[in-house]
Amino acid sequence: RIQILFEPCAMASAGAELIISKIEDVILHIVTCLSRDISPSYTMLSNSSSNVTKDADKIRLGDERVEVAMFDRAGTRSLRFSKVIQVMALVHRTLKMGNTVTQRDAYYTLSASFTSQNDFNACLDDVIRILDVPRRSLGIVSAPKGSLAGNIRILQSHETIDCLLTGTTGYELPGDPTSLDFESLGARYILLVEKDAVFKTLSEAKIWNEIPCVLMTGRGYPGLAVREVVSRLEHQFKLPVLGLFDYNPHGVQILLTYRLGSTRKGREGIQHTANVLWLGLHSTDLGSEMKARHSKPFTQRDVQLCTSLLNQPFINQNKVEREREREREREQEADKA
């Protein structure tokens with residue numbers, strides 16, 4: 001018989017205590033299985049198509065869970081299994097100490113066991129789905145990966161930041177934006193741009209003097225913190241959200257990430273969304289000569305992404321709506337004739 005004694009948590013909050021208890025239950029189950037010569041396992045929230053409902057406006061994640069065993073016939077799963085347990089142990093230790101670490105620092109702490117930051121991130125996503133809690137409640141926050149500027153004032157602790165005066169780099173959003181409060185300075189829009197270079201160009205031009213707006217970027221695919229702030233500003237100030245993204249499969253995917261979220265990080269990944277309206281070039285804006293001269297051939301990755309996008313209800317509904325609009329235009333032209 002194996003007995004495991006966990007030390008009491010002197011520093012942990014009430015919410016952290018619940019997560020610590022969940023982690024200890026998972027570890028206790030694994031140790032019990034090993035002591036009985038049974039292959040250990042854990043269950044995690046499923047993000048398979050059978051547990052995900054998609055429509056044109058929202059992604060919904062069900063309650064279905066999948067069992068992940070430590071050992072499989074190929075013998076490849078045990079390494080991933082052990083990495084997930086190491087991340088869970090780090091979370092357990094962090095919460096017991098009442099600390100917070102960045103995702104980058106957490107990776108470096110366990111870097112001997114992981115091949116890359118992406119390798120660590122994938123295992124952290126598994127832990128989020130095992131425990132079915134938001135990432136920030138694990139004591140791990142993402143590194144800053146987003147900026148804002150323009151007609152907005154930020155209240156943080158005892159500091160006030162006027163984003164009209166933050167220069168071309170803007171205000172860098174923290175990994176956990178829950179402590180931030182916002183005050184509009186006459187903004188009429190939220191303008192999202194895909195790339196940091198575009199953000200800096202528009203900041204240097206002080207675009208908010210021409211178009212009163214909150215200018216934001218997620219520097220490519222947006223992290224949870226950026227999406228949370230966009231969603232908060234949209235609802236708090238009732239502002240339309242405009243998105244300036246590249247006219248390619250990745251630009252469309254980034255747009256959908258803002259609009260619909262992603263199930264990769266469990267329920268938290270679909271919690272913060274915004275009704276982003278797409279600005280920029282569309283196929284109808286380009287003539288055949290311009291397409292031939294300036295278009296780049298798709299890579300294999302682009303083709304795969306296009307195939308995935310074509311299965312999105314959002315894309316399909318817009319295709320139907322565009323066809324209906326063209327049909328109405330043809331009817332109007334026929335009536336004029």
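Owing to the predicted nature of the structure, the values given are computational and were not obtained by experimental measurement.

**Student:** Tell me about the environment of Ser-49, residues and numbers included.
**Tutor:** Here Ser-49 lies in the loop between β1 (41-45) and β2 (52-54). When its relative accessible area of 68% is taken as the criterion, Ser-49 is described as exposed. Along the chain, Ser-49 and Leu-61 lie 12 residues apart, while their C-alpha atoms are 9.5 Å from each other.

**Student:** An account of the side chain of Asn-151 is requested, with residue identities and associated values reported.
**Tutor:** Position of Asn-151 relative to the elements: it lies in the loop between β7 (147-150) and β8 (152-156). In this structure Asn-151 comes out as buried when scored by relative accessible area, which is 9%. Not counting chain neighbours up to four residues away, the residues in contact with Asn-151 comprise Leu-164, Ser-184, Leu-185, Gly-186, Ala-187, Trp-208, Pro-212, Cys-213 and Val-214.

**Student:** I'd like a description of the side chain of Ser-142, backed by residues and values.
**Tutor:** You can see Ser-142 is positioned in the loop between β6 (140-141) and β7. Excluding its chain neighbours within four sequence positions, the residues that come into contact with Ser-142 are Gln-103, Arg-135 and Gly-175.

**Student:** Help me get a handle on the pairing of strand β9 (residues 159-162), residues and values and all.
**Tutor:** For a regular strand, side chains alternate in direction, first toward one face of the sheet and then toward the other. Bridge count for β8 against β9 is 4 bridges, and the pairing is antiparallel. By the bridge assignment for β9, Gln-156 is matched with Glu-159. Between β8 and the antiparallel strand that follows it, β9, lie 2 residues; Ser-157 among them carries a positive phi value of about 55°.

**Student:** Give me the lowdown on the packing of helix α7 (residues 249-260) against helix α9 (residues 300-309), citing residues and values where you can.
**Tutor:** The interhelical angle for the contact between α7 and α9, taken along N-to-C directions, is 40°, at an axis separation of 9 Å. What the angle tells us is that α7 and α9 run oblique. Crossing hand, α7 versus α9: left-handed. Of α9, the residues touching α7 (which contributes Pro-249, His-250, Val-252, Gln-253 and Leu-256) are Arg-301, Asp-302, Leu-305, Cys-306 and Leu-309. Here the residues of the contact of α7 with α9 sort into 6 nonpolar, 2 polar and 2 charged.

**Student:** Kindly report on the sheet that holds β7, identifying the contributing residues and their values.
**Tutor:** Sheet strands pair by backbone hydrogen bonding; their relative direction is either parallel or antiparallel. Spatially, the 6 strands line up as an open sheet ordered β10-β7-β13-β12-β14-β15, and their pairing is mixed. Two strands lie at the open edges of the sheet, namely β10 (171-172) and β15 (276-279), each paired on one side alone. Across 4 bridges, the pairing between strand β14 (residues 241-244) and β15 is parallel. By the bridge assignment for β15, Leu-242 is matched with Leu-277. The strands touched by helix α5 (residues 196-204) are β7, β12 (189-193), β13 (213-217) and β14; relative to β13, the strand with the most contacts, the crossing angle is about 150°.

**Student:** Summarise a nonpolar patch on the surface; cite the residues concerned and give the values.
**Tutor:** Side chains of Val-198, Leu-244 and Leu-279 sit close together on the surface and give an oily, nonpolar patch of about 180 Å² of accessible area. Looking at the secondary structure, you find Leu-244 in strand β14.

**Student:** So what's going on with the nonpolar core? Residues and values would help.
**Tutor:** Membership of the largest hydrophobic core comes to 32 residues, with the highest contact counts inside it found for Tyr-42, Val-87, Met-88, Phe-120, Ile-130, Leu-131 and Leu-138. Examining the composition of this core, we find that 8 residues originate from one element, helix α2 (residues 77-97), more than from any other. Leaving out residues up to four positions away in the same chain, Ile-130 has contacts with Val-26, Tyr-42, Thr-43, Met-44, Arg-65, Val-84 and Met-88.

**Student:** Go over the packing of aromatic side chains, please, and point to the residues and values.
**Tutor:** The final tally for this structure, using the stated rule, is 6 aromatic pairs. Between the aromatic rings of Phe-114 and Phe-120, the centroid separation amounts to 5.5 Å while the plane-to-plane angle is 75°, which identifies the pairing as edge-to-face. Judged by its relative accessible area of 0%, Phe-120 is buried. Counting every residue linked through ring pairs, the aromatic cluster contains Tyr-107, Tyr-108, Phe-114 and Phe-120.

**Student:** Just give me the short version of unusual backbone geometry, but keep the residues and values in it.
**Tutor:** Unusually for a residue other than glycine, Asp-37 sits at a positive phi of about 60°. By secondary structure assignment, the location of Asp-37 is in the loop between α1 (14-35) and β1. Positive phi, normally seen in glycine, also occurs at Asp-132, with a value near 55°.

**Student:** Please provide a residue-by-residue account of helix α6 (residues 224-237), values included.
**Tutor:** Given a rise of 1.5 Å per residue, 14 residues ought to cover 20 Å, and the 20 Å separating the end C-alpha atoms of α6 matches this to within 8%. Most of α6 is tucked away, with 10 of its 14 residues classed as buried. Three or more residues of α6 are buried, namely Leu-224, Ala-225, Val-226, Arg-227, Glu-228, Val-229, Val-230, Ser-231, Leu-233 and Glu-234. Among the residues trailing α6, Lys-238 stands out with phi positive, at a value near 55°.

**Student:** Residue-level account of helix α4 (residues 117-131), with values.
**Tutor:** Between the first and last C-alpha of α4 there are 21 Å, a value that for 15 residues agrees with the 21 Å anticipated at 1.5 Å per step. With respect to burial, α4 is a largely interior element, 13 of its 15 residues being buried.

**Student:** Which residues make up the packing of α2 against α4, and what values do they have?
**Tutor:** Axis angle and axis distance: for two packed helices, these are the angle between their axes and the distance between the axes, and together they describe the pair. Between α2 and α4, the least distance of the axes is 9 Å, while the angle of their chain directions is 75°. Relative to α4, α2 is oriented roughly perpendicular. Here Arg-80, Lys-83, Val-84, Val-87 and Met-88 of α2 lie close against α4, whose contacting residues are Asp-119, Phe-120, Ala-122, Cys-123, Leu-124, Asp-126, Val-127 and Ile-130. Of the residues in the contact of α2 with α4, the class split is 9 nonpolar, no polar and 4 charged.

Rules used throughout
- Residues numbered from 1 in each chain as written.
- Predicted model: local features only at pLDDT ≥ 70, side-chain atom pairs only at ≥ 80, totals over all residues.
- Heavy atoms only, no water.
- Helix = DSSP H or I, 4+ residues; strand = E, 2+ residues; numbered from the N terminus.
- Buried < 20%, exposed > 50% of the residue type's maximum accessible area, 1.4 Å probe, protein only.
- Contact = heavy atoms within 4.5 Å.
- Pairing = 2+ DSSP bridges.
- Axes fitted to C-alpha atoms, helices over the stretch in contact; angles between N-to-C directions.
- Parallel < 35°, antiparallel > 145°, perpendicular 65-115°, else oblique.
- Left-handed = near helix turned anticlockwise from the far one by under 90°.
- Nonpolar A, V, L, I, M, F, W, Y, C, P; charged D, E, K, R; others polar.
- Patch = residues over 30% accessible without salt bridge, like charges linked within 9 Å, V, L, I, M, F, W, Y side chains within 5 Å.
- Areas by Shrake-Rupley, 256 points an atom, 1.4 Å probe, with all protein chains shown as cover.
- Salt bridge = Lys/Arg side-chain N within 4 Å of Asp/Glu carboxyl O.
- Core = buried A, V, L, I, M, F, W, Y, C linked by side-chain atoms within 4.5 Å.
- Phe/Tyr/Trp six-rings, centres within 6.5 Å; stacked < 30°, edge-to-face > 60°.
- Expected span 1.5 Å × (residues − 1).

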